[in-house]
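# Coordinate inspection notes
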Amino acid sequence: MNVKSTNFRMAGPYAIRTEQVDIPVGDGPPMGAYVARPTAPGPFPGVLVGMELFGVDADVRDVCDHLAGLGFVALAPDFHHRTAPGSALPRDAAGRERGFELLDLMTRSQLLSDVRAAMEHLHATGSEHVSMVGLSLGGHIAYLAATEFDLAAVAVFYGGWLPTTDISISRPEPTLSLTPRITGRVLFLVGEEDHVVPPAQQREIKDALREADIRHEMVVYPGIGHRFLHTDPAAAADAWHRVHALLTGTEG
């Protein structure tokens, strides 16, 4: 592991420090990652944060900082590291187009290798238990990771393309079809009017989790669309309350 830089600040009940690290992945150059952790003596549980299409940008880093302030070690891997390391794309049409170009270059096996390396990093640095929080594309990644690894819990924020094979990481079979392999708890959070996860897909996801007897909660926020964590303060506050309960095992 190579630590590039470190910063300190308050982000909640815990003061935190943040750093950029490089994590070996075994099949090429190391994977960059943003890490936020409490400055207080640990150990603390680990949480992987799955980035959106645009990379590990300020919004994703803010999620890590928020989690660290609550008492977790939060790590956001750069899943674009093989094709465009360090990307933080603008949130406009051009950035979205470039993000989809990079997404098309991902493979399921490489992505799972990245998740495994990130989990091993958290275990090696003192986190006995690891969970995952994913945003949009990262929500899909979190759901996929839950089918492959022993994650204690997974919070999926509006994870798209789960019932389809529209993106490379949802092939050869739709990620949703792997639901029976999940062993941890799942919290799925989505807006009623989400264009990426439309109501028909929301029903498919809910049915798959129920039929596989996965411990889960699905929350649909009425009247709002995609990416509400950064656009709707009321929904975001409720979602954070639920995520904290999930990660601490205190949900109802």
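Residues numbered from 1 in each chain as written. Predicted model: local features only at pLDDT ≥ 70, side-chain atom pairs only at ≥ 80, totals over all residues. Heavy atoms only, no water.

### Focus on the overall build of the chain
Helix and strand counts for the chain come out as six helices and nine strands. Taken against the 2.2 N^0.38 rule, which gives 18 Å for 252 residues, the C-alpha radius of gyration of the chain at 17 Å falls within 12% of a compact globule. On the principal axes, the C-alpha backbone points of the chain span a range of 45 × 40 × 35 Å. Across the 252 residues that make up the chain, the buried fraction comes to 56%. (Helix = DSSP H or I, 4+ residues; strand = E, 2+ residues; numbered from the N terminus. Rg over C-alpha atoms; globule rule 2.2 N^0.38 Å. Buried < 20%, exposed > 50% of the residue type's maximum accessible area, 1.4 Å probe, protein only.)

### A closer look at the side chain of His81
Within the secondary structure, His81 sits in the loop between strand 5 (73-77) and helix 2 (93-104). A polar contact of 3.2 Å, which involves the side chain of His81, links it to the side chain of Arg82. Not counting residues within four places of it along the chain, the set of residues in contact with His81 comprises Val25, Pro29, Pro30, Met31, Gly32 and Asp114. (Polar contact = N/O pair within 3.5 Å; in protein donor to acceptor, adjacent residues only side chain to side chain. Contact = heavy atoms within 4.5 Å.)

### Examining empty space enclosed by the protein
This structure, assessed with the given rule, holds one cavity of 30 Å³ or more. The space that makes up the largest cavity amounts to roughly 90 Å³. In terms of lining, the largest cavity is formed by Phe79, His80, Arg82, Thr83, Leu102, Leu105, Met106, Thr107, Gln110, Leu111 and Asp114. In terms of residues, the lining of the largest cavity owes the most to one element, helix 3 (residues 108-124), which gives three residues. When the residues that make up the lining of the largest cavity are grouped by side-chain class, the tally is five nonpolar, four polar and two charged. (1 Å grid on protein atoms, 1.4 Å probe; cavity = no way out; pocket = protein on both sides within 12 Å on 5 of 7 lines; lining within 4 Å. Points joined across faces, edges and corners; volume = space filled by probe spheres on them. Nonpolar A, V, L, I, M, F, W, Y, C, P; charged D, E, K, R; others polar.)

### As for the pattern of salt bridges
Side chains that carry opposite charge are capable of pairing whenever their charged atoms lie near each other. Applying the stated rule across the entire model yields 13 salt bridges. The partner of Arg91 in a salt bridge is Glu52, and the shortest N-O contact between them spans 2.8 Å. Highlighted residues: Arg91 in the loop between strand 5 and helix 2 and Glu52 in the loop between strand 4 (46-50) and helix 1 (58-69), separated in sequence by 39 residues. Among the charged side chains, a salt-bridge network with shared partners connects Glu52, Asp57, Asp59, Arg91 and Arg227. (Salt bridge = Lys/Arg side-chain N within 4 Å of Asp/Glu carboxyl O.)

Function cannot be inferred from these measures alone, as they are strictly geometric.
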